[in-house]
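Okay, here's what each chain looks like letter by letter:
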Amino acid sequence: GALIIIFLAFMLLEAPAPTSSLRKKIDDAVSRYLVLKSLISVSVAFAVYLTLAIASFPLALLIALLTLVLNFIPNVGPAVAFLLPIPIILLDPDVKPKQAWVAMVVPGLLHLTVGNVLEPLLFGRQFSMKPLVILLSLGIWWIVWGPVGAVLAVPLTSSLRIVTQHFVESGVGRPYMDFLAALLEGRTMSLRTGATPRPEARAEKKT
C-alpha cells in the first residue's frame, strides 16, 4: 500500500510535460484514470455506507471508509471489502439476520457489478481498450508486480498502448507494432496482413 502511494505521488508531483510530447499523452491518461477511479471508489463507498446505515448495521462508516481504500486494489480489494461485515455478524449478538443479509448481499452485488461490468466498460471507453483487454491486463500486471501491478494495470496498459500507437504513426517497427497496438485495443490482428485499421483511420481513408 505504501509503495503504491509513493509511486502515485511521484507521478503527480513530477514537473508537467510539454503539451505536444508523448509523455503529456501518458500523463493525461494516468490523470484521467486516477480521477475516474477515485469517483468510482467514492461512489461505491457511499452506496455501501447508505445501505448499511439504512439497515442500522454497526460500524457502517468504518466499513465504508475501508471500502473506499480497498476499492483501489482491483479484484482483491473488493473481495476483502465484501468480507468486512462477517466478523461483526459473528461477534455482535445484536445483529439481526435481516441486517446480516442486507450487509452481505447488497454490497456483494455492488462490488461484483462495478468490478466486472462498470469499471471495464468505463475504462475501455476512456482509454480506447476493450473491457476484455482491461480484465486481462489486471491478471497480467498482477503476475508481474503483484498488488501494485493490479492497482496500476489500467494506466500502465494505457501508457503502453499510447507508446505503441506512437510507433505505428511514426512507421517504426511495423508490422509488429501494428500487431501489438491492435492487441492492446482488442482489434482483429494478423502479422501477415497487419492489424485491422482503427475505426477513425477507416473513416479518414473514406473521406
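Reading guide: rules and limits
Along every chain, residues carry numbers that run from 1 in the direction the sequence is written. In keeping with the model being predicted, local features are shown solely for residues with a pLDDT of at least 70 and side-chain atom pairs are shown and tallied solely at 80 or more, while totals for entire chains, interfaces and linings include all residues. To obtain the side-chain values, all non-hydrogen atoms of the structure were included, while hydrogens and water were left out. The rule for a salt bridge is simple: a side-chain nitrogen of Lys or Arg has to be within 4 Å of a carboxyl oxygen of Asp or Glu. Where helices and strands are cited, they refer to DSSP runs of H or I of at least four residues and of E of at least two residues respectively, numbered from the N terminus. Here the term buried applies to any residue with accessible area under 20% of the maximum for its type, exposed to any over 50%, and partly exposed to those in between, with areas from a 1.4 Å probe on protein chains only. Every residue is assigned a pLDDT by the predictor, reflecting its confidence on a scale from 0 to 100. We call two residues contacting when some pair of their heavy atoms lies within 4.5 Å. Two aromatic rings from Phe, Tyr or Trp, using only the six-membered ring of Trp, form a pair when their centres are within 6.5 Å; if the ring planes differ by under 30 degrees the pair is stacked, by over 60 it is edge-to-face, and anything between is tilted.

Draft legend 1. Seen up close, the pattern of salt bridges. One pass over the structure, following the stated rule, counts one salt bridge. When the shortest N-O distance is used, the salt bridge between K37 and E119 registers 2.8 Å. Here the residue K37 occupies a position in helix α2 (residues 22-54), and E119 occupies one in helix α6 (residues 97-126), the gap between them amounting to 82 residues. Note on E119: relative accessible area 8%, which makes it buried.

Draft legend 2. Looking closely at the confidence of the model for the chain. Residues of the chain with pLDDT of at least 70 account for 80%, and the chain-wide mean is 78. Note that residues 191-195 has pLDDT below 50 and, in this model, eleven contacts with residues that lie over four places away or in other chains. Throughout residues 200-205 the model reports pLDDT below 50, and contacts reaching past four residues in sequence, or to other chains, amount to two contacts.

Draft legend 3. A look at the packing of aromatic side chains. Enumeration over the complete set of coordinates arrives at two aromatic pairs. With 5.3 Å between their ring centres and 45° between their planes, Y33 and F123 make a pair best called tilted. A residue pair is termed long-range when its members are at least 10 positions apart, and Y33 in helix α2 and F123 in helix α6 qualify at 90 residues. Here Y33 falls in the buried class, since its relative accessible area comes to 4%. Of the residues examined, F123 reaches a relative accessible area of 2% and is grouped as buried. When the ring of W141 is compared with that of W145, the centres are 5.8 Å apart and the planes differ by 45°; the resulting orientation is tilted. Within this pair, W141 and its partner W145 are both found in helix α7 (residues 131-145), separated by four residues, close to a single helical turn.

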